[in-house]
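# Working through the structure, step by step
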Amino acid sequence: MLSSLLPPSVREAAYRRKFLENREENLFMGSFDSFAAAEAGAPPSKAVGYDNAPADAFYSHQVAFYDYPGLFWIGRALDDGMRSVFDLGGHVGIKYYAFRRMLNYPADLRWTVCDVPTVVKTGRELAVQREATAQLSFSTDFRDASGYDVLYASGSLQYLPQRISEIIAALPVKPRRIVLNTTAVHPERTLYTLNSIGFAVCPYRIQHHDQLLAELAESGYKRRDAWRNEGKPIEVPFVDGGDKPYYAGCCFDLHQT
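Residues numbered from 1 in each chain as written. Predicted model: local features only at pLDDT ≥ 70, side-chain atom pairs only at ≥ 80, totals over all residues. Heavy atoms only, no water.

## Notes on unusual backbone geometry
For clarity, the threshold we go by: Labels follow the DSSP assignment, with helices taken as runs of H or I lasting at least four residues and strands as runs of E lasting at least two, numbered in each case from the N terminus. Relative accessible area decides the class of each residue, using a 1.4 Å probe on protein chains only: under 20% of the type maximum gives buried, over 50% gives exposed, and in between gives partly exposed.
Unusually for a residue other than glycine, threonine 182 sits at a positive phi of about 40°. Within the secondary structure layout, threonine 182 lies in strand S6 (residues 177–186). Even without being a glycine, phenylalanine 238 presents a positive backbone phi close to 65°. Within the secondary structure, phenylalanine 238 is located in the loop between strand S9 (221–228) and strand S10 (246–254). The class for phenylalanine 238 is partly exposed, based on a relative accessible area of 40%.

## With respect to the pattern of salt bridges
The line we're drawing: What makes a salt bridge here is a side-chain nitrogen of Lys or Arg within 4 Å of a carboxyl oxygen of Asp or Glu, nothing more.
Using the criterion set out here, one finds 11 salt bridges in the structure. In this structure, the salt-bridge partner of lysine 18 is glutamate 25, at a minimum N-O distance of 3.8 Å. For lysine 18, a relative accessible area of 39% translates into the label partly exposed. On the accessibility criterion, glutamate 25 (42% relative accessible area) is partly exposed. A salt bridge links arginine 163 to glutamate 215; the shortest N-O distance between them is 2.9 Å. Remark: glutamate 215 occurs in helix H7 (residues 209–218) and arginine 163 occurs in the loop between strand S5 (150–154) and helix H6 (164–169); sequence separation between them is 52 residues. One continuous salt-bridge network, built from bridges that share partners, spans Arg177, Arg224 and Asp253.

## Looking at the packing of aromatic side chains
Using the following cut-off: When the centres of two rings from Phe, Tyr and Trp lie within 6.5 Å, Trp using its six-membered ring, the rings pair. Their planes under 30 degrees apart give stacked, over 60 give edge-to-face, and anything left gives tilted. Remark: a charge is flagged as sitting over a ring if the NZ atom of Lys or the CZ atom of Arg is within 6 Å of the ring centre and within 35 degrees of the ring normal.
Applying the stated rule across the entire model yields 14 aromatic pairs. Among the aromatic side chains, those forming a connected cluster through ring pairs are Tyr96, Tyr97, Phe99, Tyr105, Trp111 and Tyr152. One residue, arginine 110, lies across the ring of tyrosine 148, its end atom 4.4 Å from the ring centre. Stacked on the ring of tyrosine 97, the Lys or Arg arginine 130 has its end atom at 4.6 Å from the ring centre.

Set out below in structure tokens:
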């Protein structure tokens, strides 16, 4: 209440200090014309990108409430005989470990996580420790998704410079199914901003929701489902329309020819 009585310039300066000093919260700041402009606008005092993740920066291997739509469509894919999952931005394999407690993984499942080199190195070491290497492997190149049954991106698309249509276009063999979950979207426009993840800041795309779905359709996919991930907050303070973003997901299948 008291903070709302302060002049906007004072409140904005206080928030910027909070953003720069952040260690644990998920914070957003600023508006930029493009992904590249957001990256260039990152504060020089902070590291940029997930490749700066410390070795102990693990995410929980538990299933969160917002994971269930993606879990459902991954499970349906396995039931339908799909046997390969390309987990784009899957960190150290957190969803592989979380979902295997709830899904009956077939023995011939092939689950590949794609992430930045530092994270991939830790993921490979963890997979050896957990004796998961028979099914779980790692890559640093999203183009390795070519020929996989499922392309899965949970909370990661917003961190990538490539849009989903550009990713699909780079694959010689398109995945049969695309499952996106907790993807940052906006009901009116695409917004580029900076996200503080504690140990670093990252350029961040909050894409126009309808445009995202249209890109998938134009890439040769048919919509099976779409949803909103309620209860997971996202706001870009002091930006016009910054109170409107939300997280969403969808499942699209490749048109059969």
